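# Summary of the model geometry
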Amino acid sequence: MSTLMQHKKTNPVIDPESIRRDFPILNRTVNGNQLVYLDNAATTQKPQIVIDELARYYSEYNSNVHRGIHTLADEATQAYEKARQKVANFIGAPKTEQIIFTRGATESINLVAYAWGRKNIGKGDRIVLTQMEHHANLVPWVALAKETGAELEYIPIDEQGCLDLDDIGEIISRNTKLVSVTQMSNVLGTINPVEKTIEIAHDRGAIALVDAAQSVPHMPVDVKSMDADFVAFSAHKMLGPTGIGILYGKEELLSGMEPFNYGGEMINEVRYDFADWAALPHKFEAGTPNIAGVVAFSPALDYLRNIGMANVRQHEIELTGYTLDRLSSLGSIRIFGPMNPELRGGAISFIDNDVHPHDLAQLLDQSGVAIRAGHHCAQPLHRLLGIGSTARASFYIYNTKEEIDQLIDALKEARRYFGHE
Amino acid sequence: MSDALDTLYREVILDHYKNPRGKKKLDHADVKNEGKNPVCGDEIEVEVEFDGDTVKDLSVSCAGCAISVASGSMLYEVIKGKSFDEVRKIAKVVKAMLKGEEYDADGIDLGDLDVLEGVRQFPVRIKCALLSWVTLVDAIEKADTNESSKLSTTE
Ligand SMILES: Cc1ncc(COP(=O)(O)O)c(C=O)c1O
């Protein structure tokens, strides 16, 4: 942390070299080579302070939250609620009660689909998504539509991989109840104009959910100015532990919803034939939560705040621009998504004309370069693009241009291995 | 690159990948079956023409990685002309070989298939190698039970 602070004073732009020292895993080797971790859209690595807080929780103040009157319970509860406050500050939520801890972005979206969707969406109502959604923001709505007889409509994408908003006025129709859009695609990298989809949704009397799993970790996001009704994201994609997700919601919506899970911690008063729900946010947090994960998410948020999300974004624009140029210069690579780094984040999907993504990932792993191959939980999008799978390199604050050079070298080597120059 | 990698991507495998045998369309397919590896998106179509209970001819069209394409191509070479019983037996041997289990290949001509042993060291790739086999066996079961189309997966 100290290196960061010093660094911040002298130079506002990210220095990945000093950041790297805070991430012990980046020192490891894979197949005899220094790890080059380019699978950050799947999950990011963790700084030492996050790892330390996990250990500190278990070795110093492990206890259940909101239940005990003893010192440990009090410390754990305070740390847990402090994390909630930090999340609220991080995304500009007006009130701490609007932050609900879940298991991940997936569970956050499911919570809305069950606790709000099944009450408010019925036969003949419309749910609007986009063609680039992750399964997490697709399957819950497909299931809901199947169950209720609601209809699904998709905002199309253009050849660049950006949303085609020409017909959005008709797509988000008067019978639309929900518009759920990803703010940044995990495949195309595209940053979507969610303010616009939210505005039209509201004009039609619909609710707007933003899948921010890829945006909150990589760019400044302010839920209030965005005016989203619900926002979902995951801690593990932004330096935090796995198993922690966040659902932000507007207070009047959350207050009006019935719980999603029932049990301990979410009640006010229980009798044998009666139960009355606790106030927000506890109404939605039944049972013992992932306390260790939540308290260790606090230092991750501090870490990102110290760097500054605008700087994170700037760093990734630079890396993305550099990578797009270098990949293009190979001649054998087809890149998906916008070619202008200002329009996209640092998740870059591509295919090689001659080597299948699976084989690329396997060969790159031999050089210590970790990329992802597959459909990245976006099968309908891949079908639309006419391909079964893509290779994907995705960045974060600790990645460097030298690592991109290693990626490019490894791609060349993989082609040579398969007999292509 | 490493030795382990060279056992995965044997020359024979790369050769089958670059020139997959059996990638054609049959004029008289008795049964067709599609297979999918849901994890990586690889897709395969197998067509089979029967002569009684033997595979008179077949086609294997695979859109996938080197391992799944090569495995399908080797399958084509080995399976053509075999009886249903032999097909089931060979598929069982291939499965066991990939999973590192005991198998008895007595009296079975495995052709190039033994190179698939190298896949065992790369557990995530086993499904790639299995896809064509699962799809073929399902195709034959389908013909045997007169079932209509069914999607095969490696799951
Ligand atoms: C755009 C997007 N939405 C949702 C998710 C789901 O996140 P999680 O798996 O952490 O629930 C992911 C990540 O996998 C994602 O990239």
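In case you missed it, the structure is sitting above this.
Here goes a summary of the coordinates provided. Here the structure is a predicted model, which is why all the values come from computation and not from measurement. (Residues numbered from 1 in each chain as written. Chains lettered and ligands numbered in written order. Predicted model: local features only at pLDDT ≥ 70, side-chain atom pairs only at ≥ 80, totals over all residues. Heavy atoms only, no water.)

### Regarding the overall build of chain A
Using the following cut-off: Here a helix means four or more residues in a row that DSSP labels H or I, a strand means two or more in a row labelled E, and each is numbered from the N terminus. Computation of the radius of gyration draws on C-alpha atoms, with the globule rule given as 2.2 Å multiplied by the number of residues to the power 0.38. Note on classification: 1.4 Å probe, protein chains only; a residue is buried when its accessible area is under 20% of the maximum for its type, exposed when over 50%, partly exposed between these limits. A contact between two residues is defined here by any heavy atoms of the two lying within 4.5 Å. Accessibility throughout is a Shrake-Rupley quantity obtained with a 1.4 Å probe, and a residue counts as covered only by protein chains that appear here. Positive charges come from Lys and Arg, negative ones from Asp and Glu, while His and the chain ends are left out of the count. Where a charge lies is defined by one atom per residue type: Lys uses NZ, Arg uses CZ, Asp uses CG and Glu uses CD.
The number of helices and strands found in chain A is 15 helices and 17 strands. For 421 residues, the compact-globule formula gives about 22 Å, and the C-alpha radius of gyration of chain A, at 22 Å, lands near that figure. Taking the principal axes of the C-alpha coordinates as reference, chain A spans close to 75 × 55 × 35 Å. Here chain A, with 421 residues, has 58% of them falling under the buried criterion. Counting contacts in chain A only where the partners sit at least 6 residues apart, residues at least 24 apart contribute 70% of the total. In the form shown here, chain A has an accessible surface area of approximately 16,600 Å², with 48% of it arising from carbon and sulfur atoms. Once the 39 positive and 53 negative side-chain charges of chain A are each reduced to a mean point, those two points are 1 Å apart.

### Re the environment of Glu17(A)
With respect to the secondary-structure elements, Glu17(A) resides in helix H2 (residues 16-20). Leaving out residues up to four positions away in the same chain, Glu17(A) has contacts with Thr400(A) and Glu402(A).

### A few points about the sheet that holds strand S13 (residues 333-335) of chain A
Residue and element names in this part refer to chain A. Selection rule: At least two DSSP bridges between two strands are required for those strands to pair. Axis lines are fitted to C-alpha atoms, over the contacting stretch for helices. Their N-to-C directions set the angle, which ranges from 0 to 180 degrees.
Overall, antiparallel pairing links the 4 strands, which are arranged S13-S14-S17-S16 in an open sheet. Each edge of the open sheet is held by one strand with a lone partner, namely S13 and strand S16 (372-374). Between one strand axis and the next, the sheet turns by 35° as a mean value, whatever way the strands run. Sheet topology places S13 next to strand S14 (residues 347-352); 3 bridges connect them, and they run antiparallel.

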